[in-house]
Amino acid sequence: MKFHLFMLPTIGRRHELEQGMAGLRDDLYQRMLGEIDEQARFADELGYYGIGFTEHHFHIEGFELSTNPLMLDAFVASRTKNLKVGQLALVLPSHHPLRVAEDLAMLDCMSDGRVISGFVRGIPREYSVYNVDLAESRARFEEAWEIIKLAWTEEVFSYEGRFWSYNDVAIWPRPVQEPHPPVWVPVSGSQETIEWAARENIPITPGAFAPRSVKK
């Protein structure tokens, strides 16, 4: 049996959060980084399988201050030896898919093949600020994954899609893991995501709520 830590990086104790706007305090953020460092090192020593971070934005209240889980992954990877680093998950429709493929490949090299890739559609709050149409999120998610998969597995590729089109592009460095880092997708209640994961043979992991479409 393997044990994996899922962290929602929050800064501030209860009384500090209740004071309001804890997310604006640099001292609390630095303390949180120190606590993540300590917990990750301890998990590595105990033989835990991995650790993962959320991606959320604009949470000045102090909850889930994890705007870039890849940077937190690099932070943890530099301080541990065996612990795998992942995301729960990157909000794929709000990212450029080639940049995601490049960043994850570089992180896989930097961590010597310890990356787990997590992709998710995200929540409305972030779509509105980034000016991405929530109604397009499903199509953007699936198209982005197709591009990332090609970028990881083809030396040079072309793609013609609804949102992105490329001719003769390649990413370097390549991921250490072959054919690419393992991928998982958190699911809260989306039948479409479960069906997509089944088609792509990608493991699912529970989100904030138990998926309605999964029977015990």
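Provided above is the structure to which this section pertains.
Residues numbered from 1 in each chain as written. Predicted model: local features only at pLDDT ≥ 70, side-chain atom pairs only at ≥ 80, totals over all residues. Heavy atoms only, no water.

Caption draft 1: Spotlight on the pairing of strand 5 (residues 115-120). Burial within strand 5 is extensive, with 6 of its 6 residues counted as buried. The two faces of strand 5 match: Val-115, Ser-117 and Phe-119 on one face and Ile-116, Gly-118 and Val-120 on the other face are all buried. One ladder, built from 2 bridges, connects strand 3 (residues 84-87) with strand 5; its direction is parallel. Within the sheet, the bridge partner assigned to Val-85 lies in strand 5 and is Val-115. With 2 bridges connecting them, strand 4 (residues 90-91) and strand 5 associate as parallel partners. Note on strand 5: the bridge partner recorded for Val-91 is Val-120. Of the crossover connections in this fold, the one passing from strand 4 over helix 4 (residues 97-110) to the parallel strand 5 is right-handed. One ladder, built from 2 bridges, connects strand 5 with strand 8 (residues 183-187); its direction is parallel. The partner of Ser-117 across the bridge, within strand 8, is Val-183. (Buried < 20%, exposed > 50% of the residue type's maximum accessible area, 1.4 Å probe, protein only. Helix = DSSP H or I, 4+ residues; strand = E, 2+ residues; numbered from the N terminus. Pairing = 2+ DSSP bridges. Right-handed = clockwise from strand over helix to strand, strands pointing away.)

Just distances and angles here, no functional claims.
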